[in-house]
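Structure assessment
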Amino acid sequence: MRKVNVRKRGKFININLKLIYKYSTAKRYSEAFESIKKELGKYRLAYLTFYVLNQALLRIAQKVNSKDALRNYQKVIRSSLRDAAYYFELIENNPAADLQLQASILLR
């Protein structure tokens, strides 16, 4: 398994966001990364499971005020772990591949 310096990786991600996206989109993604980092930052990538991700998404759902915002958090989690698995090869599989928003969350 490769060792990854999270701070350097985080700076790399922030630089790319600023170059690729509009300011408002980059700001929303940065805020999403920070919220997700608070929920999942204590776990190593290899120990993230579907259950852990689902519980984190449920905790985030209690804090956000719209379905679209929650969907954005889900997209960030799924795409980040997809990149970690297939692009950077930091983990063998993507535990968020089947991560779905539950209907009960969306109906509140």
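Figured I'd write up the structure that's included with this text. Quick caveat, the model's predicted, so the values are computed rather than measured. (Residues numbered from 1 in each chain as written. Predicted model: local features only at pLDDT ≥ 70, side-chain atom pairs only at ≥ 80, totals over all residues. Heavy atoms only, no water.)

Let's shift gears to helix H4 (residues 67-87). Because the α-helix completes a turn every 3.6 residues, residues three or four places apart line up on one side. Compared with an ideal rise of 1.5 Å per residue, which puts 21 residues at 30 Å, H4 spans 29 Å between its outermost C-alpha atoms and is within 8% of the ideal. By the burial criterion, the buried members of H4 are Leu 70, Tyr 73, Gln 74, Val 76, Ile 77, Leu 81, Ala 84 and Ala 85. Looking straight down H4, one finds its buried side chains confined to an arc of 155°; they lie on one side. Among the exposed residues of H4, those oriented more than 90 degrees off its buried face are Asp 68, Lys 75, Tyr 86 and Tyr 87. Looking one or two residues past H4, Glu 89 carries a phi angle of roughly 55°, positive in sign. (Helix = DSSP H or I, 4+ residues; strand = E, 2+ residues; numbered from the N terminus. Expected span 1.5 Å × (residues − 1). Buried < 20%, exposed > 50% of the residue type's maximum accessible area, 1.4 Å probe, protein only. Arc of directions from axis to C-beta.)

Looking now at helix H2 (residues 23-40). Taking 1.5 Å of rise per residue, the 18 residues of H2 would be expected to cover 26 Å, and the 25 Å separating its terminal C-alpha atoms lies within 8% of that figure. If you check which residues of H2 are buried, you get Thr 25, Ala 26, Ala 32, Ile 36, Glu 39 and Leu 40. Angularly, the buried residues of H2 cover 145° about the axis, an arc narrow enough to put them on a single face. Residues Tyr 23, Lys 37 and Lys 38 are exposed on H2 and point more than 90 degrees away from its buried face.

Ranked by size, the top nonpolar core spans 23 residues in total, and within it Leu 53 and Ile 77 carry the most contacts. Of all the secondary-structure elements, those providing two or more residues to this core are H2, helix H3 (50-63) and H4. For this core, the leading source of residues is H4, giving 7 residues. If near-sequence neighbours (up to four positions away) are discounted, Ile 77 is found in contact with Ile 36, Leu 53, Leu 57, Ala 96 and Leu 99. (Core = buried A, V, L, I, M, F, W, Y, C linked by side-chain atoms within 4.5 Å. Contact = heavy atoms within 4.5 Å.)

Bringing the packing of H2 against H4 into the picture now. Viewed as axis vectors pointing N to C, H2 and H4 meet at an angle of 75°, and their least axial separation amounts to 10 Å. As judged from the angle between their axes, H2 and H4 are roughly perpendicular. Seen from H2, the contacting residues are Arg 28, Tyr 29, Glu 31, Ala 32, Phe 33, Ser 35 and Ile 36; seen from H4, they are Asn 72, Tyr 73, Val 76, Ile 77 and Ser 80. Residue classes in the contact of H2 with H4 are distributed as 7 nonpolar, 3 polar and 2 charged. (Axes fitted to C-alpha atoms, helices over the stretch in contact; angles between N-to-C directions. Parallel < 35°, antiparallel > 145°, perpendicular 65-115°, else oblique. Nonpolar A, V, L, I, M, F, W, Y, C, P; charged D, E, K, R; others polar.)

All right, on to the environment of Arg 82 then. Relative to the helices and strands, Arg 82 is located in helix H4. C-alpha of Arg 82 to C-alpha of Asn 94: the two residues are 12 residues apart in sequence and 5.5 Å apart in space. Once you skip the residues sitting within four places of it in the chain, Arg 82 turns out to touch Tyr 87 and Asn 94.

Looking now at unusual backbone geometry. Look at Glu 89: it is not a glycine, yet its phi comes out positive at around 55°. Looking at where Glu 89 falls in the secondary structure, it is placed in the loop between H4 and helix H5 (103-106).

It is worth spelling out the packing of H2 against H3 at this point. The interhelical angle for the contact between H2 and H3, taken along N-to-C directions, is 125°, at an axis separation of 10 Å. Our classification of the angle between H2 and H3 gives oblique. Handedness of the H2/H3 crossing: right-handed. Contact residues: Ile 36, Glu 39 and Leu 40 in H2; Val 52, Leu 53, Ala 56, Arg 59, Ile 60 and Lys 63 in H3. Looking at the contact of H2 with H3 residue by residue, the class counts come to 6 nonpolar, no polar and 3 charged. (Left-handed = near helix turned anticlockwise from the far one by under 90°.)

Purely spatial values, then, with no claim about function.
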